[in-house]
Amino acid sequence: MATVAHKSEPRPEQIRQNWIVNPTHDLLWIIAAPLIAWIWAAFTFKTGGLELVWTIFMVFNVAHHFPTFVRIYGDRDLLRRYRWNLLLGPIIPFSVSMAVVFFVVVNDLNIFTLLFLQVILNIWDPWHFLMQHYGFMRIYDRHNKAPRKLAGRMDYALCTSWFLFILVASSEWLFDLLYKLYSDGGLGLVMLIDQGVYRFIYGLTLGASVVMSFVYLGYLNWLRRKGFYISPAKIALFLVTFITMGLCYVRNPLMQQLLPGWTFMAGFATLGMVHVSQYLAIVWTYNRNLAGNEEKSRPGLFKRWFLKGGLAA
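Thresholds, definitions, all that
Per chain, residue numbering runs from 1 following the sequence as it is written. Whole-chain, interface and lining totals are the exception, using all residues; otherwise, since this is a predicted model, local features are given only for residues with pLDDT of at least 70 and side-chain atom pairs are given and counted only at 80 or more. Side-chain calculation: all heavy atoms of the structure are included, whereas hydrogens and water are not. Any carboxyl oxygen of Asp or Glu within 4 Å of a side-chain nitrogen of Lys or Arg constitutes a salt bridge here. Where helices and strands are cited, they refer to DSSP runs of H or I of at least four residues and of E of at least two residues respectively, numbered from the N terminus. Accessibility here uses a 1.4 Å probe with only protein chains present; expressed as a share of the type maximum, an area under 20% marks a residue as buried, one over 50% as exposed, and anything in between as partly exposed. Each Phe, Tyr or Trp ring, with Trp reduced to its six-membered ring, pairs with another whose centre is within 6.5 Å; inter-plane angles below 30 degrees give stacked pairs, above 60 give edge-to-face pairs, and intermediate values give tilted ones. By definition, no residue in a patch forms a salt bridge, and every one has over 30% relative accessible area; like charges are joined within 9 Å, nonpolar side chains (Val, Leu, Ile, Met, Phe, Trp, Tyr) within 5 Å. In this description, accessible areas are obtained by the Shrake-Rupley approach with a 1.4 Å probe, and a residue is regarded as covered only by the protein chains that are shown.

A. Representation of the pattern of salt bridges within the structure. By the definition in use, this model includes four salt bridges. The residue Arg138 makes a salt bridge to Asp155 at a minimum N-O spacing of 2.7 Å. Of this pair, Arg138 sits in helix α7 (residues 117–140) while Asp155 sits in helix α8 (residues 148–169), and the two are 17 residues apart along the sequence. With relative accessibility at 14%, the residue Arg138 sits in the buried group. The closest approach of N and O atoms between Asp141 and Lys234, which form a salt bridge, is 3.4 Å.

B. Region of interest: the packing of aromatic side chains. Using the criterion set out here, one finds 14 aromatic pairs in the structure. Judged by centre distance (5.3 Å) and plane angle (85 degrees), the rings of Trp54 and Phe57 are edge-to-face. A residue pair is termed a helical-turn pair when its members lie 3 or 4 positions apart in one helix, as Trp54 and Phe57 do in helix α2 (residues 33–63) at three residues. By relative accessible area, which is 21% here, Trp54 ends up partly exposed.

C. A nonpolar patch on the surface, seen in detail. There is a patch of nonpolar side chains on the surface, built from Trp84, Leu87, Leu88, Ile91, Ile92, Val96 and Val100 and spanning about 660 Å² of accessible area. Contributing elements (two or more residues each) for the nonpolar patch: α5 (83–88) and α6 (91–106). Top contributing element to the nonpolar patch by residue count: α6, with four residues. As for its position among the elements, Ile92 is in helix α6.

Right under this line is the structure:
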């Protein structure tokens, strides 16, 4: 009796972790960026105090916009498509700001009328950091074949729940924001939040974060059982970021013992440096690739600098 040889089915190709640049670059400048920023902030805080931490952070914070300008004004196609938006974009906000300053000075108004913008900054800047972190998580998860909407919503819910809890737990941020809303904008929300209300909000956000964490663990188990990909880089990035954020934002015995006098403002600058370093880590690489494309990049000084690796190269 003849036997039929059955061909063994080819094994599906094993999915490997995708990287934005390469493993070493990503692990150092994106995933470990919160830890590196904390080490920098701790050393700087001990040697020069909060003022030096903020001085260095502000320099880097302003500088991290520069590669964006290079990217948008150095890309021929982008500039051609959005010429007037990009040309008038910097001019109009600057002109409006100067007009507001002139109005305040001429009418002898309180300068704190302008500082109401700090309220917007105190809300927008953490939100901006959260969305960048969420974006990195989604990039590292792009090999996951699970339903995209479900994957995105699970990552977003996990990040948002812990982010909101940490901001509430860092009472210095919350009550400073409420006080500025009252002193600069006349909104008396701070009068409505006593210790009882604060404890309720604290417990509510903590409970939501814990529940969401268990839901997310269930989601990861579902991915494993279905054979979907689970990104170790994404999980590592989440853990390193939020552990560092909790240590830096929320007053705790560990930080007070290691760095007496540490405040939320020092933590705010620390996480700001995380945002800046992660941003620079990918945008400069993108700009170098752009400079190497003859059809897309504009010729000139910036192109020569990027192609040879910078002014010092």
